[in-house]
Amino acid sequence: MMESPDLLLKKVQGCLYGGAIGDAMGAPAEWRSPAEIRARYGYITDLVEAWDAENTRGRGHGRYTDDTHMAQLLCECYREHGDHLDAHEFLRRIVPKMALEERWIPERERHMPLVERLFYPEKWLYIRWLGNADPRNAGVGNMVNCGAAMYAAPVGIINACDPQRAYVEAIDIFSAHQHSYGLEAAGVMAAAVAAAFAPDATVGSVIDAALAVAKDGTRACIEALVECAADFSDWREAIAPLREVMRRYDGSADDAKAQRGNGRNDWTASREHSIEEAPIALAFLVVTGGDFEGTVFGGTNYGRDNDSIAGMGGAIAGAMQGIDALRDDWLRMINSANAIDLMPLAQDMAALTRKLQAGQFAAAQERQTAFAALSG
């Protein structure tokens, strides 16, 4: 793999590939229970084959899902715009990429528009774009889920070491996609990634950054999960207790397929609920002390929406530790299984992040000069 003394680049590479590895590792067992996963695989600690061992197509064998595809699209939007994004620029750029550009979708083994692969809450972007909705509130009315948080890591990359700004930018951007606690989770995820880019980042500093911006049920959920996670150092032992804590805040039913018509406040706006994926990813970061592999294994074997949990945990831990913490054979398998090379995209994101930071520093110096004059 690519050798570089550039710590920023290594962290960007670790973030993008870490997210992809977690996504691909969890994908074959998505929405399965921990008991079902153990019966089929034991514990998943590698990029395994499909759930149906005879199936060489679809999920498994290192193929990632829409989480990673959407993260790549967002990186491309940043690269082409060459600046920070807002809701208007985001919606204007990302929807044509989703709907009009064909790309290789490994699960389907063909080139196709990504919108055909996306879940309903992600198709919402396309629907609202067609309806000429105001991007700043286009997300209102969508099913509240992790659909924005699952690809928020690039916002953290662009705002490396500045979790407050990452949160604000993510809330702005993803207001075109999500609302309520789904939008909040995207902001928290971006902030956690940005905090992970600090050269001296620790699990504690990442959690502190997440809690500094989190609101309402999302904040309460993270606090409760972190408190629970602190009692464990083995991700296997932490799975059941973390899920028990999560039940207090999770707006979706245990049976994710029985969400409609059950009288619950599932996937609708709430100030008390939290999505499951981002807080659980942070909890496994605490359990494992920030270890990349342990964080991804915990998210994968947790079950439920495990590809998103493991993908978010992998992106944060990958940003903390950099590309050198990731197994070479996993990197090669991600590239091969998905016909992709994320290294050029990582280089472009690192270069843009560096450019934007230089611009912010120059603007801050000008502002300081102006304030000095105002203060006499």
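Residues numbered from 1 in each chain as written. Predicted model: local features only at pLDDT ≥ 70, side-chain atom pairs only at ≥ 80, totals over all residues. Heavy atoms only, no water.

What follows concerns the overall build of the protein chain. Along its length, the protein chain carries 16 helices and 2 strands. In terms of overall dimensions, the protein chain is globule-like: its C-alpha atoms have a radius of gyration of 20 Å, near the 21 Å expected for 376 residues. Over its C-alpha atoms, taken along the principal directions, the protein chain stretches across nearly 70 × 50 × 45 Å. Every one of the 376 residues in the protein chain was classed for burial, and the buried ones make up 61%. Put simply, of all contacts in the protein chain between residues at least 6 apart along the chain, 71% involve residues at least 24 apart. For the protein chain, the accessible area works out to roughly 14900 Å², and carbon and sulfur atoms hold 51% of it. Of the side-chain charges in the protein chain, 36 are positive and 53 negative, and the distance between the mean point of each set is 3 Å. (Helix = DSSP H or I, 4+ residues; strand = E, 2+ residues; numbered from the N terminus. Rg over C-alpha atoms; globule rule 2.2 N^0.38 Å. Buried < 20%, exposed > 50% of the residue type's maximum accessible area, 1.4 Å probe, protein only. Contact = heavy atoms within 4.5 Å. Areas by Shrake-Rupley, 256 points an atom, 1.4 Å probe, with all protein chains shown as cover. Lys, Arg positive; Asp, Glu negative; His and termini not counted. Charge placed at Lys NZ, Arg CZ, Asp CG, Glu CD.)

Taken as a whole, the second largest pocket encloses approximately 170 Å³ of empty space. Lining the second largest pocket, in full, are Leu8, Ile158, Asn159, Ala160, Cys161, Asp162, Thr353, Arg354, Leu356, Gln357 and Gln360. Broken down by element, the residue count for the lining of the second largest pocket peaks at 5 residues, all from helix H16 (residues 343-374). Considered class by class, the residues forming the lining of the second largest pocket number 5 nonpolar, 4 polar and 2 charged. (1 Å grid on protein atoms, 1.4 Å probe; cavity = no way out; pocket = protein on both sides within 12 Å on 5 of 7 lines; lining within 4 Å. Points joined across faces, edges and corners; volume = space filled by probe spheres on them. Nonpolar A, V, L, I, M, F, W, Y, C, P; charged D, E, K, R; others polar.)

A word on the pattern of salt bridges. Under the definition given, this model contains 27 salt bridges. A salt bridge links lysine 97 to glutamate 76, with the shortest nitrogen-to-oxygen separation between them at 3.3 Å. Placement of lysine 97 in helix H4 (residues 87-100) and of glutamate 76 in helix H3 (residues 66-81) is noted, with a sequence separation of 21 residues between them. There is no split in this pair, since lysine 97 and glutamate 76 are both buried. When salt bridges with common partners are traced through the structure, they connect Glu30, Arg59, Asp66, Glu107 and Arg117 into a single cluster. (Salt bridge = Lys/Arg side-chain N within 4 Å of Asp/Glu carboxyl O.)

With that out of the way, let us pick up empty space enclosed by the protein. For the structure on display, the rule yields 1 cavity of 30 Å³ or more. In this model, the largest cavity occupies a volume close to 200 Å³. Around the largest cavity, the lining is made up of 23 residues, and of these Gly19, Ala20, Thr68, Ala71 and Met150 lie nearest the centre. Looking at the lining of the largest cavity residue by residue, the class counts come to 15 nonpolar, 5 polar and 3 charged.

As paired strands, strand S1 (residues 102-105) and strand S2 (residues 110-113) are joined by 4 bridges and run antiparallel to one another. Within S2, the residue paired with isoleucine 105 across the bridge is arginine 110. Between S1 and S2, which follow one another and run antiparallel, lie 4 residues, and glutamate 109 among them has a positive phi close to 55 degrees. (Pairing = 2+ DSSP bridges.)

For helix H9 (residues 203-213), every residue scored as buried is listed here: Val203, Val206, Ile207, Ala209, Ala210, Leu211 and Val213. In this fold, the buried residues of H9 make contact with helix H7 (163-174), helix H8 (180-196), helix H10 (216-229), helix H12 (277-287) and helix H14 (306-321).

On inspection of all chains with the given rule, the structure shows 10 aromatic pairs. A centroid spacing of 5.6 Å and a plane angle of 75 degrees characterise the contact between tyrosine 41 and tryptophan 51, whose relative ring orientation is edge-to-face. Of this pair, tyrosine 41 sits in helix H2 (residues 34-41) while tryptophan 51 sits in the loop between H2 and H3, and the two are 10 residues apart along the sequence. Its relative accessible area of 16% is what places tyrosine 41 among the buried residues. What makes tryptophan 51 partly exposed here is its relative accessible area of 23%. Relative to phenylalanine 174, the ring of tyrosine 151 lies with its centre 5.1 Å away and its plane at 85 degrees, an arrangement referred to as edge-to-face. (Phe/Tyr/Trp six-rings, centres within 6.5 Å; stacked < 30°, edge-to-face > 60°.)

Another point: the nonpolar core. Residues Met70, Tyr151, Phe174 and Leu242 are the most contacted members of the largest nonpolar core, which totals 126 residues. With 13 residues, the top contributor of residues to this core is H8. Filtering out sequence-adjacent residues up to four positions away, phenylalanine 174 remains in contact with Leu74, Phe90, Ala148, Tyr151, Ala152, Val155, Leu183 and Ala186. (Core = buried A, V, L, I, M, F, W, Y, C linked by side-chain atoms within 4.5 Å.)

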